[in-house]
Amino acid sequence: MTSSSKEAIASRLAEARRRTLELIAPLDDAQLNRVYSPILSPLAWDLGHIANFEELWLVQTVGGREPLHGELGRFYDAIENPRRTRGELPILRDAELRSYLDEVRERTLEVLDEVEIGPDAADPLLRDGFVYEMLIAHEQQHNETMLQLLQMVDGYEVPPGMGRLSPGQMPVQLDRHFEYPPVRETPHTGGMVRIDAGSYEIGASAQGFAYDNERPRHAVELEAFEIDRTPVSNAAYIAYMEDTGAEPPMYWELDDDAGWVLTTGGGRGPVDPSHPVLHISWHEADAFARWAGKRLPAEHEWEAAHPRLDGVGIAWEWTSSDFLAYPGFEAFPYREYSEAFVGDTYKVLRGGSWATERNVMRPSFRNWDLPERRQIFAGVRCAKDAPS
Ligand SMILES: [Fe+2]
């Protein structure tokens, strides 16, 4: 790999870090250490975990160096330490945390200078810079998790240019950095798209960066189906609530004068009826779809349909699918990335949200979460069997 590609990696690492630090810039150390919710880590844990994951892969594994803080890494292991326990852990905080981020990055760049990361690199971790892509995506994905918590901080405002909207607001235009997906100018056209029965290629090809759970690419037979062109709107969700008495989405409150309002960031703004609904659980998405006389799309249906859909990238879209391994799945580079979650516990979400960095979004990307979760930026798009 040429030095210019290494420079590109270094500058993308720097850009991801700049974004992370910009997100937390308005917060003080007490806010970083505070536990806002048992289902979300304190931000100090996320920050230390971002640095520790970088140290583990880019400094220790790739560079063969010893860790800076001995056994500290075990407190940043996401599987060993459930979110509700993370506020109590002896993790790095305050100035120590900030210098850890900087020291790891310094060592990462030293190692990057030494390694061979071209297409012919013997180590599959280094081939085509896989491990660097993984680290950049990891930090960007944690930014989205951090935004889930930041929405709970009174007075917090998302920095300009971060995502396409502030909490409680909806996107006004496609950010110039974001190329996928193609959000059309008038995304709220409604109606359903018919997808013919046939064989569809699902998953990521062997080339380019993707996670293990997106591979191998394989053919899937689908029956004909129809899928909503646009995500379910707040207006449609309000109609459903009024008809059934269903609970409102997370962060909604009914105001005597203003009707439904959003309370993210400690504020109170009107719920815009035309915007896609956010912060509903899988159970709620499924119940809505049934009420509408439809169903959730299977994840393969979503992937087969994605070039025909509008409004992708505002809210993650719940699917009917459990998070299962594709036929021929091989864990890489470590079992805990996805294999540990495979089974019928987690439901797959597709697309991406306003808080998802566009580098992370691709048609084959599989997000997964527990069906009761509502703090994630998730909504719904319905499907149904096509009339024969
Ligand atoms: Fe992580």
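Residues numbered from 1 in each chain as written. Predicted model: local features only at pLDDT ≥ 70, side-chain atom pairs only at ≥ 80, totals over all residues. Heavy atoms only, no water.

Chemist: How should I be thinking about the nonpolar core in this particular structure?
Modeler: One broad rule of soluble globular proteins: the nonpolar side chains tend to lie buried together. Residues Trp-57, Val-131, Tyr-132, Met-134 and Leu-150 are the most contacted members of the largest nonpolar core, which totals 88 residues. Counting residues per element, this core draws most heavily on helix H5 (residues 130-150), which supplies 11 residues. Ignoring anything within four residues of it in the chain, the contact list for Trp-57 reads Val-62, Leu-125, Val-131, Met-134, Leu-135, Pro-333 and Tyr-334. One finds Val-193, Phe-225, Leu-309 and Val-312 within the second-largest nonpolar core, a separate group that totals 15 residues. (Core = buried A, V, L, I, M, F, W, Y, C linked by side-chain atoms within 4.5 Å. Buried < 20%, exposed > 50% of the residue type's maximum accessible area, 1.4 Å probe, protein only. Helix = DSSP H or I, 4+ residues; strand = E, 2+ residues; numbered from the N terminus. Contact = heavy atoms within 4.5 Å.)

Chemist: So what exactly am I meant to see when it comes to the coordination of the iron ion here?
Modeler: In an ideal tetrahedron of four donors about a metal, each angle is 109.5 degrees. In an ideal octahedron of six donors, the angles are 90 or 180 degrees. Within the first shell, the iron ion binds the protein through His-49 (NE2), His-138 (NE2) and His-142 (NE2), at distances of 2.1 to 2.2 Å. Sequence spacing of the donor residues for the iron ion, all on one chain, is H-x88-H-x3-H. Within this pair, whereas His-49 is found in helix H3 (residues 43-61), its partner His-142 is found in helix H5, the two being separated by 93 residues in sequence. Its relative accessible area of 6% is what places His-49 among the buried residues. (Donors = N, O, S within 2.8 Å, 3.2 Å for Na, K, Ca; no water.)

Chemist: Any chance you could explain the sheet that holds strand S4 (residues 225-228) here in plain terms?
Modeler: Where strands meet in a sheet, backbone hydrogen bonds hold them as pairs that are either parallel or antiparallel. Read across the open sheet, the 3 strands follow the order S1-S4-S12; overall the sheet is antiparallel. Sheet topology places strand S1 (192-195) and strand S12 (383-385) at the edges, where each strand pairs with a single neighbour. Sheet twist, expressed as the mean angle between neighbouring strand axes with direction ignored, is 25°. With 3 bridges connecting them, S4 and S12 associate as antiparallel partners. (Pairing = 2+ DSSP bridges. Axes fitted to C-alpha atoms, helices over the stretch in contact; angles between N-to-C directions.)

Chemist: Explain the pattern of salt bridges to me, please; I cannot follow it from the model alone.
Modeler: Should their charged atoms come close, side chains of opposite charge can pair. What the rule picks out here adds up to 27 salt bridges. The salt bridge partner of Lys-294 is Asp-228, with a shortest N-O separation of 2.8 Å. Of this pair, Lys-294 sits in the loop between helix H7 (282-291) and helix H8 (299-305) while Asp-228 is found in strand S4, placing the two residues 66 residues apart along the sequence. Accessibility expressed as a relative area gives 24% for Lys-294, which makes it partly exposed. Asp-228 sits in the buried class, given a relative accessible area of 8%. A salt bridge links Arg-350 to Glu-303; the shortest N-O distance between them is 2.9 Å. Here Glu-303 lies in helix H8 and Arg-350 lies in strand S9 (residues 347-350), a separation of 47 residues in the sequence. Here the residues in one salt-bridge network are Arg-17, Glu-54, Arg-105 and Glu-139, joined through shared partners. (Salt bridge = Lys/Arg side-chain N within 4 Å of Asp/Glu carboxyl O.)

Chemist: Please clarify how helix H4 (residues 94-114) should be interpreted in this entry.
Modeler: Each α-helix winds once per 3.6 residues, and so residues spaced three or four apart point in a common direction. Taking 1.5 Å of rise per residue, the 21 residues of H4 would be expected to cover 30 Å, and the 31 Å separating its terminal C-alpha atoms lies within 8% of that figure. Those residues of H4 lying buried are Leu-97, Tyr-100, Leu-101, Val-104, Arg-105, Thr-108, Val-111 and Leu-112. Buried residues along H4 cover an arc of 125° about the axis, so they all sit on one side. Of the exposed residues in H4, the ones pointing more than 90 degrees away from its buried face are Ala-95, Asp-102, Glu-106, Asp-113 and Glu-114. (Expected span 1.5 Å × (residues − 1). Arc of directions from axis to C-beta.)

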